[in-house]
Amino acid sequence: MTDTDYPPELATAARVKELAMGLWVSAMMMTAVQLRLPDEIDDKPVEAAELAARLDLHPEAVARLLRALAAHGVFAEPAEDRFAHTELSRVLREDHPHSVRYQVLWTVAPWTWRAWPHLEEAVRTGERVFPRLYGKEFFAYLAEDAPRSAEVFNRAMTQSSTFTSAMVAEALDMTGVRVVVDIGGGRGHLLRTVLERYPWLSGVLYDLASVVASADPALRPGGELADRARVVAGSCLDGVPPGDLYILKNLLEWDDERTVTTLRNVAAALRSGGRAVLVQNLVDDSPEPKVTTGMDLLLLLNVGGRKHTRRQLTRLLSEAGLEITDIRPTASSLFVIEVARRAPVAGGA
Ligand SMILES: C[S@@+](CC[C@H](N)C(=O)[O-])C[C@H]1O[C@@H](n2cnc3c(N)ncnc32)[C@H](O)[C@@H]1O
């Protein structure tokens, strides 16, 4: 029977069941990546038994795991019990130039398995569930209690930046800028790319102490960009260091209150001139709607946050005395959103 002969009502039911099995697929992906099965397969197909022997696993269970993933296009089974890479499995290798290993591990981090079952509560209340489950806020938990999850998170951020930093750097307007500040810049992949791309710039990497402790060595004292870079630990909820251009990339993802507090701190810094750019995707204009809307709900669960539509962002900026002056797409799913202090209304008080 071909796909086209399959009764449509059964095909519909199967499609819905597949969607509900998303959790199972997450477990399969997590297991394959944790066991480093993708890293063990090179260009040629390999027997499941050989993989099992190398990694000290159960041969038949390995074949069953890889077969289940192959049904989703992650790995292929060209002959019984022999497995090969596909486009989707190859990027799970750590050494692939476009590796998504840490982004996958981040998506299925241990805390996510505890948080998702509470989605109903979050949908009833509109509130984050993380502090009730873990007794503290999400970033405090990462810094204080979950070093492995924190490492995976920071690597995932860096890994996703390797896809986009060059495109973002290219899309930034550096006219008149001498000092650029990357607020919540993680370990500094974007800042490093920006400093390499614009050799006259100095830059400040600003993030929580636990994150900048492992900043890109190129930005730290003795590093190749050290004479133009400063690594500053602090919280954007308290204030931001001085600069001419503020970059906030994928930072405004928490609750509205903290978003507005951060934006007010940026607005205060812009009093002495300068510009800010938000670099993020927009729910209403995303080329990856499943990723963006799924992430939107994850942010609701952990930080009570969200991915924004253009309208929501405009409202929050306005509360902080800021407005959008330009929105430019990059070659990625991210937009460069130029922001300035709101012009006073003519005749206003
Ligand atoms: C989603 S990540 C984005 C990282 C980076 N901008 C990127 O795009 O890869 C959010 C970043 O905000 C940082 N962050 C969280 N709370 C912060 C705070 N109060 N002040 C400064 N940075 C903060 C996190 O440590 C993390 O590096």
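Since the model is a prediction, treat every value here as computed from it, not as a measurement. For every chain, the first residue of the written sequence is number 1, and numbering continues from 1 onward in sequence order. Where totals are concerned, whole chains, interfaces and linings use all residues; where local detail is concerned, this predicted model gives features only for residues with pLDDT of at least 70, and gives and counts side-chain atom pairs only at 80 or more. In computing side-chain properties, one takes all heavy atoms of the structure into account and sets aside hydrogens as well as water.

Caption draft 1: Seen up close, the domain arrangement of the protein chain. For each domain, the first and last residues come from an automatic or database assignment. With domains assigned, the protein chain is organised as domain 1 (8-96) and domain 2 (161-341). The C-alpha centroid of domain 2 is placed 36 Å from the C-alpha centroid of domain 1.

Caption draft 2: Here's a closer look at the sheet that holds strand E10 (residues 335-341). Paired strands, as defined in this entry, are two strands with at least two bridges between them according to DSSP. For the purposes of this entry, the term helix denotes a DSSP run of H or I that reaches at least four residues, the term strand denotes a run of E that reaches at least two, and both are numbered from the N terminus. Strand order in the open sheet formed by seven strands is E6-E5-E4-E7-E8-E10-E9, and the pairing between neighbours is mixed. Every other strand in the sheet has two partners, leaving strand E6 (229-233) and strand E9 (322-329) as the edge strands with one partner each. Geometrically, the sheet is characterised by an average inter-axis angle of 20 degrees between neighbouring strands, direction not taken into account. In this analysis an axis means a line fitted to C-alpha atoms, helices contributing only their contacting stretch, and an angle means the value between N-to-C directions, from 0 to 180 degrees.

Caption draft 3: Representation of the packing of helix H4 (residues 48-55) against helix H5 (residues 59-70) in the model. Contact pair H4 / H5: the axes reach a minimum separation of 8 Å and the direction vectors enclose 115 degrees. Considering how the two elements wind past one another, H4 and H5 form a crossing that is right-handed. Here H4 contributes Ala48, Ala49, Leu51 and Ala52 to the contact with H5, which in turn contributes Pro59, Val62, Ala63 and Leu66. Residues belonging to the contact of H4 with H5 are distributed by class as follows: eight nonpolar, no polar and no charged. Note on convention: near helix rotated counterclockwise from far helix by under a right angle means a left-handed crossing. Clockwise means right-handed. Residue contacts follow a heavy-atom distance rule, with two residues in contact if any of their heavy atoms lie within 4.5 Å. Side-chain classes follow a simple rule in which Ala, Val, Leu, Ile, Met, Phe, Trp, Tyr, Cys and Pro form the nonpolar group, Asp, Glu, Lys and Arg form the charged group, and the remainder, Gly included, forms the polar group.

Caption draft 4: Molecular detail of the pattern of salt bridges. For this document, the term salt bridge refers to a Lys or Arg side-chain nitrogen within 4 Å of an Asp or Glu carboxyl oxygen. Summed over the entire model, instances satisfying the criterion amount to 34 salt bridges. One salt bridge in this structure joins Arg192 and Glu196, with 3.0 Å as the shortest N-O distance. Of this pair, Arg192 and Glu196 are both found in helix H13 (residues 189-197), four residues apart, which corresponds to roughly one turn of the helix. Relative accessibility decides the category of a residue: with a 1.4 Å probe and only protein chains considered, values under 20% of the type maximum give buried, values over 50% give exposed, and everything between is partly exposed. By relative accessible area, which is 44% here, Glu196 ends up partly exposed. Salt-bridge contacts for Glu319 lead to Arg315; the nearest nitrogen and oxygen are separated by 3.0 Å. Of the two residues, Glu319 and Arg315 both sit in helix H17 (residues 310-319), four residues apart, roughly one turn of that helix. One connected set of salt bridges, linked through shared partners, spans Arg36, Asp39, Glu94, Arg101, Glu151, Arg155 and Arg187.

Caption draft 5: A look at the packing of aromatic side chains. Two rings from Phe, Tyr or Trp (for Trp, the six-membered ring) form a pair when their centres are within 6.5 Å of each other. A pair whose planes differ by under 30 degrees is stacked, one over 60 is edge-to-face, and the rest are tilted. Scanning the entire structure with this criterion turns up 12 aromatic pairs. Taking the centre distance of 4.5 Å and the plane angle of 15 degrees together, the rings of Phe130 and Tyr134 count as stacked. Remark: Tyr134 and Phe130 occur in helix H10 (residues 130-134); sequence separation between them is four residues, near one turn of the helix. A residue is classified by how much of its surface remains accessible, and Phe130, at 0% relative accessible area, is buried. On the basis of relative accessibility, which here comes to 17%, the residue Tyr134 falls in the buried class. Each member of the aromatic cluster is reached from another via a ring pair, and the members are Trp106, Trp111, Phe130, Tyr134, Phe138, Phe139, Tyr141 and Phe153. The aromatic ring of Tyr102 is capped on one face by Arg101, whose charged end is 5.3 Å from the ring centroid. To sit over a ring, a charge needs its Lys NZ or Arg CZ within 6 Å of the ring centre and within 35 degrees of the ring normal.

Caption draft 6: Highlighting unusual backbone geometry. With a phi angle near 65 degrees, Asp81 is a residue other than glycine that sits in the positive phi range. Along the polypeptide, Asp81 turns up in the loop between strand E2 (76-79) and strand E3 (82-84). For Asn250, which is not glycine, the phi torsion reads 50 degrees and is therefore positive. With respect to the secondary-structure elements, Asn250 resides in the loop between strand E7 (245-249) and helix H15 (256-269).

Caption draft 7: Local environment of the UniProt feature "domain: O-methyltransferase C-terminal" (unreviewed entry) in the protein chain. UniProt positions are given in the numbering used here, feature names are shortened, and annotations may be inferred rather than shown by experiment. According to UniProt, the positions carrying the feature "domain: O-methyltransferase C-terminal" (unreviewed entry) are residues 116-322. As a span, residues 116-322 carries 47% helix and 14% strand, and end to end its C-alpha atoms are 34 Å apart.

Caption draft 8: Geometry of the sheet that holds E3. Strand order in the open sheet made by the three strands is E1-E3-E2, with antiparallel pairing throughout. Each of the sheet's edge strands pairs with one partner strand only, and the pair in question is strand E1 (46-47) and E2. Sheet topology places E1 next to E3; two bridges connect them, and they run antiparallel. Following the sheet pairing, Val46 is matched in E3 by Phe83.

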